[in-house]
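Here is what each chain is made of, one letter per residue.
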Amino acid sequence: MSAILTAEHVTKSYPVPGGEMVAIRNLSLDIAEGEFLCLLGASGCGKSTMLNMFAGFTAPTTGRVLLQGRPITGIEPRCGMVFQSYALFPWKTVQENIEFPLRMRDVPRSERRAIASSLIEMVHLDGFADRYPGELSGGMQQRVTLARCLAADPLVMLMDEPFAALDAMTRQVMQDELLRIQERSGKTIVFITHNIDEAIILGHRIVVMSARPGRIRTIVENPLPRPRHVGVQTSHAFADLKAELWAQIEEEVMQHVAASRLAEHA
Ligand SMILES: Nc1ncnc2c1ncn2[C@@H]1O[C@H](COP(=O)(O)OP(=O)(O)OP(=O)(O)O)[C@@H](O)[C@H]1O
Ligand SMILES: [Mg+2]
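**What to know about the site of ligand 1**
In the region of ligand 1, the neighbouring residues are Tyr 14, Met 21, Ala 23, Gly 41, Ser 43, Gly 44, Cys 45, Gly 46, Lys 47, Ser 48, Thr 49 and His 194. For the shell around ligand 1, the secondary-structure elements that each account for two or more residues are β2 (19–32) and α1 (47–54). Looking at which element gives the most residues to the shell around ligand 1, the answer is α1, with three residues. Across the shell around ligand 1, the residue classes tally to four nonpolar, seven polar and one charged.

Pasting the structure below:
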C-alpha cells in the first residue's frame, strides 16, 4: 500500500488554564492513495483536530504528519478542506465560486469556464451557474462547495462533517453524489462523521476513535462492494457491520451522554 497521507505517532495538546489538555495521543495512521477513509467517533474525540493537522492548519505537539512522505509544515494547499458550513463567497455566483481556485492559479478564462461548467454538471447544478449562494438550498450550496474543492484539484479532500447540517433525504443524495465523484476521480478522501450509517455507506475503511485523549480504537475494513449506492443500507452485510461498529462505540457514546447529563444538572 502506498500511503499518500501519514500520521506518525501524533500527539496534540492544547494549553488550558493550569496545564494542558491532550486532544490526541500517539495516533499513527496510513491513508492509501485513492482511499475513502471515514473517521468516526463521539464529539470531542479529536476528529477535527486530526483533520486540521492533515490540512496543516495546526501542527502536532509531537510526532509528524506526512503528505507523500514529506512532513507537512504549514497550510497544505494540496489538501483541500470541505467544512460543515458551506463557506462560499456570498457575493460571487455559483460559477464564480467554483472558478475561484482556478483564478488563484492563473488558469486562463476560457479554461476556467470549461472546467467550472463540467463540475457544475457533475454536481447536478446545471442551470444554476449564475445564481448566488443565498438563492440556493443547503444541499445545493454544499454541492457548490464540493465542486469548488474539486476545481482546486487537491491530492486529498478533507471533509469535516460536510453533510451534518442537511436533512436526511438531501444527505443521502449527497452521499450518493460523493460516492460517484470518488469512484470516478479516484480522489483520496478523509471524511469525518458522527454517523455510523454514513461511515458505512462511504468508507473503504472506517477508523473508530475513542476520546480523552483521542486514539484509534479500531480500524474496520468495509466489505461492502463498490461501486456503492446508498441503497446498500438495506443489506444484511450493512446491518452486520453496523452492529459491529456500534459495539465499538457504544460505551464511548454512553459515557459522553452521561457526562453531558451531569453537566446539564450541575
Ligand atoms: N483550539 C483549541 N484549544 C483548546 N482545546 C481545543 C481546541 N480545539 C479543540 N480542543 C479540544 O480538543 C478536543 C478535541 O476537539 P475536536 O474539535 O478535535 O473534536 P471532534 O472530535 O472534532 O468533536 P466534534 O465531533 O464535536 O466536532 C476537545 O476536548 C476540544 O475541546
Ligand atoms: Mg469536529
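**Focus on the pairing of strand β9 (residues 205–210)**
Bridge count for strand β3 (residues 36–40) against β9 is four bridges, and the pairing is parallel. Within β9, the position partnered with Cys 38 by the bridge is Ile 206. Relative to strand β10 (residues 215–221), β9 runs antiparallel, the two sharing six bridges. What sits directly across from Ile 206, in β10, is Val 220. Taking the residues that link successive antiparallel strands as the turn, the β9-β10 hairpin has four residues, and the phi of Arg 212 there is positive, at about 50°.

**A look at the packing of helix α4 (residues 138–151) against helix α5 (residues 168–185)**
Between α4 and α5, the least distance of the axes is 10 Å, while the angle of their chain directions is 20°. Of the possible angle classes, the one that applies to α4 and α5 is roughly parallel. In this structure, the crossing between α4 and α5 has a hand that is right-handed. Contacts from Gly 138, Gly 139, Gln 142 and Arg 143 of α4 reach α5 at Thr 170, Val 173, Met 174 and Glu 177. In the contact of α4 with α5, the residues fall into two nonpolar, four polar and two charged.

**Notes on the sheet that holds β2**
Read from one edge of the open sheet, four strands run β2-β1-β4-β5, paired in antiparallel fashion. Every other strand in the sheet has two partners, leaving β2 and β5 (70–71) as the edge strands with one partner each. In terms of strand pairing, strand β1 (residues 3–16) meets β2 through 10 bridges, oriented antiparallel. When the sheet's bridge partners are listed, Ala 3 is paired in β2 with Ala 32.

Criteria and cut-off values
Positions within a chain are numbered from 1, following the residues in the order the chain's sequence is written. Here chains are named by letter from A upward and ligands by number from 1 upward, in the order in which they appear as written. With pLDDT at 70 or above as the cut-off, local features in this predicted model cover only qualifying residues; side-chain atom pairs require 80 or more to be listed or tallied, and sums for whole chains, interfaces and linings still use all residues. In this entry, near means the residue's backbone-placed C-beta atom lies within 6 Å of the molecule or strand. For the purposes of this entry, the term helix denotes a DSSP run of H or I that reaches at least four residues, the term strand denotes a run of E that reaches at least two, and both are numbered from the N terminus. Gly counts as polar in this scheme, as do all residues outside two lists: the nonpolar Ala, Val, Leu, Ile, Met, Phe, Trp, Tyr, Cys and Pro, and the charged Asp, Glu, Lys and Arg. Two strands form a pair only when DSSP identifies at least two bridges running between them. Here the axes come from fitting lines to C-alpha atoms, over the contacting stretch only for helices, and the angles between their N-to-C directions go from 0 to 180 degrees. Each angle gets one of four labels, with under 35 degrees taken as roughly parallel, over 145 as roughly antiparallel, 65 to 115 as roughly perpendicular, and the rest as oblique. Note: crossing handedness is left-handed where the near helix turns anticlockwise from the far helix by less than a right angle, and right-handed where it turns clockwise. Whether two residues are in contact is decided by their C-beta atoms, placed from the backbone, lying within 7 Å.

Taken by themselves, the reported measurements are silent on function.
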